[in-house]
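Fold and contact review
These are the residues of each chain, in order.
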Amino acid sequence: TGSSGINAEYGGVAAIADCIKHSPNLKILNLNDNIMTPKGAIAIAKALPSAKMLEVLNMGDCLVKSKGALSVAENIKGLTNLKELILSYNEIKVDGGEAVAKMCAGLSSLTNLDLDGNHFGSEGKEKITDALGADKLSILKPGLDNDEGVPSDDEGEEEEKEEKEEEKEEKKDSPP
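These figures come from a predicted structure and were not determined experimentally.

Along the backbone of the chain there are six helices and four strands. In sequence order, the secondary structure elements of the chain are arranged as α-β-α-β-α-β-α-β-α-α. Counting all 176 residues of the chain, 45% fall into the buried class. Put simply, 84% of the contacts in the chain that link residues at least 6 apart link residues at least 24 apart. On the chain, roughly 9,200 Å² of surface is accessible, and the fraction owed to carbon and sulfur atoms is 49%.

What follows is the structure in structure tokens.
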């Protein structure tokens with residue numbers, strides 16, 4: 001099997017984001033296991049407010065990282081029908097996970113939030129459960145048992161290097 005090819009670099013994500021913008025009755029969006037990267041996750045997230053009827057958003061294992069998770073959190077606030085949000089195994093750090101949890105705490109329709117397999121560590125997991133609130137903890141399924149822990153310094157440095165390269169590419173692609 002393996003990851004699918006809607007990579008942000010090849011226009012697939014932009015095409016999907018455009019479709020979302022024109023699909024207000026979309027109920028299920030399953031993008032699981034695609035190499036989306038933060039750039040692609042942001043493009044998808046910015047289109048989400050148009051999908052007013054969205055009930056399920058699965059962006060698990062898409063390498064959205066914290067930057068993408070922050071954008072998802074920012075853009076789901078008006079999705080009053082959202083029942084399930086899957087952002088598992090995305091190399092999301094505490095800041096992204098906490099932002100998602102805070103936003104999800106205010107979504108009364110949400111019954112399932114999957115943030116498992118990210119990079120929170122024990123302190124981060126506590127921050128996320130606190131942000132979600134005691135009355136919403138039951139939506140955190142399957143829990144945070146498969147947390148990848150806080151990345152080592154080498155992994156963190158490598159990720160920062162990748163993000164800087166992505167930003168350079170974005171600036172190159174942007175009109176002056």
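This part is about the pattern of salt bridges. Within this structure, the stated rule accounts for two salt bridges. As a salt-bridge pair, K83 and E55 come within 3.9 Å of each other at their nearest N and O atoms. Separated by 28 residues along the polypeptide, K83 in the loop between helix 3 (65-75) and strand 3 (84-86) and E55 in the loop between helix 2 (37-47) and strand 2 (56-58) bring together distant segments of the chain. The class of K83 is partly exposed, set by a relative accessible area of 40%. Its salt-bridge partner being E91, residue K65 comes within 3.7 Å of it at the nearest N-O pair. Residue K65 is found in helix 3, and its partner E91 is found in the loop between strand 3 and helix 4 (94-105); the two are separated by 26 residues along the sequence.

All right, on to the packing of helix 2 against helix 3 then. In contact at an axis separation of 8 Å, helix 2 and helix 3 are set at 5° when each is read in the N-to-C sense. Classified by the interaxial angle, the pair formed by helix 2 and helix 3 is roughly parallel. Of the residues in helix 3, those in contact with P38, A41, I42, A45 and K46 of helix 2 are K65, K67, G68, S71, V72 and N75. In terms of residue class, the contact of helix 2 with helix 3 is built from five nonpolar, three polar and three charged.

Strand order in the open sheet made by the four strands is 1-2-3-4, with parallel pairing throughout. Two strands close off the open sheet at either side, each with one partner strand: strand 1 (28-30) and strand 4 (112-114). Each adjacent strand pair in this sheet contributes to an overall mean axis angle of 5°, direction not counted. Relative to strand 3, strand 2 runs parallel, the two sharing three bridges. Its bridge partner being in strand 3, N58 is matched across the sheet by I86.

Counting residues in hydrophobic clusters, the biggest one holds 41 residues, and the most contacted among them are I44, M59, L85 and L113. Counting only elements with at least two residues in this core, the list comes to helix 1 (12-21), helix 2, helix 3, helix 4 and helix 5 (121-132).

Here we take up the side chain of D147. For D147, the position within the fold is in the loop between helix 5 and helix 6 (153-173). Of the buried charged residues, D147 lacks a salt bridge, with K125 as the closest side chain of opposite charge at 5.2 Å. Here the side chain of D147 touches G149 through a polar contact of 2.9 Å, landing on its backbone nitrogen. Leave out the neighbours within four places in its chain, and D147 touches D116, G117, N118, H119, F120, G121 and K125.

Once that is clear, we can look at the environment of M103. Checked against the element boundaries, M103 lands in helix 4. Put simply, M103 and I76 are 27 residues apart on the chain and 7.7 Å apart in space, counted from C-alpha to C-alpha. Once you skip the residues sitting within four places of it in the chain, M103 turns out to touch A73, I76 and K77.

Procedures and definitions
Residues numbered from 1 in each chain as written. Predicted model: local features only at pLDDT ≥ 70, side-chain atom pairs only at ≥ 80, totals over all residues. Heavy atoms only, no water. Helix = DSSP H or I, 4+ residues; strand = E, 2+ residues; numbered from the N terminus. Buried < 20%, exposed > 50% of the residue type's maximum accessible area, 1.4 Å probe, protein only. Contact = heavy atoms within 4.5 Å. Areas by Shrake-Rupley, 256 points an atom, 1.4 Å probe, with all protein chains shown as cover. Salt bridge = Lys/Arg side-chain N within 4 Å of Asp/Glu carboxyl O. Axes fitted to C-alpha atoms, helices over the stretch in contact; angles between N-to-C directions. Parallel < 35°, antiparallel > 145°, perpendicular 65-115°, else oblique. Nonpolar A, V, L, I, M, F, W, Y, C, P; charged D, E, K, R; others polar. Pairing = 2+ DSSP bridges. Core = buried A, V, L, I, M, F, W, Y, C linked by side-chain atoms within 4.5 Å. Lys, Arg positive; Asp, Glu negative; His and termini not counted. Polar contact = N/O pair within 3.5 Å; in protein donor to acceptor, adjacent residues only side chain to side chain.

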